[in-house]
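Fold and contact review
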Amino acid sequence: MSVNRGIGGIMVLAFLASLWTMPWDNMMVLWGVWTYPEDAVLGTVFYIPIEEQLFFIVQPLFTGVWFLMLYPNGLKRQESEGGNLLRAGLTLMALSAGGVSLYFISEPSFLYLGSFCAWFSIPFAIQWAYGSHLLFQWRTEILLGTLPPTLYLCILDSFAINHRVWSISELHTVGLSIGSLPIEEVTFFLFTNLLVIQGLCLFYDLIDRRSISVKSGLKLKMGEVT
């Protein structure tokens, strides 16, 4: 996997992340889960600040480039038995967790966390249905790609909340926090970074498999000609 292909994958993920996150985040503002001073933003896209919309693009770029620096040549896969069972099981788990979360969002304190889990269970289900057996092989690399950016973004977000750049409704959070950061925010950064890293891993694999398929096809055609 060349660096250029990795950058291409990051750009695709940034576009998809922005597209998927924007409707959910608009609902969060509309429902009063989080608010911001109107005189502290450049403008809005529907209900969310322009800066927030840009963050949906910047976060995958930041996390993806970090992963690309760690593994510029991608990750090697090993065929393993039981892949179908693992994919089916984790896909069902993701969708079930999303369904349960959706059921409980009528509880005000669970609105933020529950709506997030329900909304983002779908991309998790898609990724795990495609390649959870591969992601399990790369679990160490995925952790190294996910945790440092998550910690960094949590520190930045904690600073922003403490300085009232924006605020989160106590009514719509469960009341647990790590330091001064609500557990919902930690969950957001952890899960979204995990989706970015998993997506990039699977993008690596998809490109590698296509390259192998093309090379095999060319060899077959050359054999027929000779």
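Up top you'll find the structure we're talking about.
Residues numbered from 1 in each chain as written. Predicted model: local features only at pLDDT ≥ 70, side-chain atom pairs only at ≥ 80, totals over all residues. Heavy atoms only, no water.

**Regarding helix α3 (residues 83-104)**
With 22 residues, α3 ought to run about 32 Å at 1.5 Å a step, and its terminal C-alpha atoms sit 32 Å apart, in line with that. Within α3 the residues assigned to the buried category are G83, R87, T91, A94, G98 and S101. Along the axis of α3, the buried residues cluster in a sector spanning 95°; they form a single face. Facing away from the buried surface of α3 by more than 90 degrees, the exposed residues are N84, L85, L92 and Y103. (Helix = DSSP H or I, 4+ residues; strand = E, 2+ residues; numbered from the N terminus. Expected span 1.5 Å × (residues − 1). Buried < 20%, exposed > 50% of the residue type's maximum accessible area, 1.4 Å probe, protein only. Arc of directions from axis to C-beta.)

**Structural notes on the environment of S96**
With respect to the helices, strands and loops of the structure, S96 is situated in helix α3. Overall, S96 belongs to the partly exposed group, its relative accessible area being 36%. Separated by 25 residues in sequence, S96 and S121 place their C-alpha atoms 8.5 Å apart. Within the local environment of S96, its side chain forms a polar contact with the backbone oxygen of L92, the two atoms lying 2.7 Å apart. (Polar contact = N/O pair within 3.5 Å; in protein donor to acceptor, adjacent residues only side chain to side chain.)

**Details of the side chain of H172**
Considering the arrangement of structural elements, one finds H172 in the loop between β4 (167-168) and β5 (177-178). Setting aside its immediate chain neighbours within four residues, H172 contacts W31, G32, V33, P108, S109, L111 and Y112. (Contact = heavy atoms within 4.5 Å.)

**Structural notes on the packing of aromatic side chains**
All chains considered together, the criterion is met by 19 aromatic pairs. A centroid spacing of 5.8 Å and a plane angle of 50° characterise the contact between W34 and Y36, whose relative ring orientation is tilted. Residues W34 and Y36 agree in their burial class; the two are buried. Each ring, one from F116 and one from F120, has its centre 4.6 Å from the other, and the planes form 35°; the classification is tilted. Note that F116 and F120 are positioned in helix α4 (residues 111-137) at a spacing of 4 residues, about one turn of the helix. Counting every residue linked through ring pairs, the aromatic cluster contains W24, F55, Y112, F116, F120, F124, W128, F188, F189 and F191. The cationic tip of R139 hangs over the ring face of F136; the distance from NZ or CZ to the ring centre is 4.2 Å. (Phe/Tyr/Trp six-rings, centres within 6.5 Å; stacked < 30°, edge-to-face > 60°. Lys NZ or Arg CZ within 6 Å of the ring centre and 35° of its normal.)

**Considerations on helix α5 (residues 139-162)**
Along its 24 residues, α5 runs 34 Å from first to last C-alpha, staying within 8% of the 34 Å computed at 1.5 Å per residue. Here α5 has its buried residues at I142, G145, T146, P149, T150, L153, C154, D157, S158, A160 and I161. Phi turns positive one or two residues past the end of α5, at R164, with a value near 60°.

**Some points on the environment of L16**
Tracing the backbone through its elements, the reader meets L16 in helix α1 (residues 3-30). The spatial distance from the C-alpha of L16 to the C-alpha of F56 is 9.4 Å, given a sequence separation of 40 residues.

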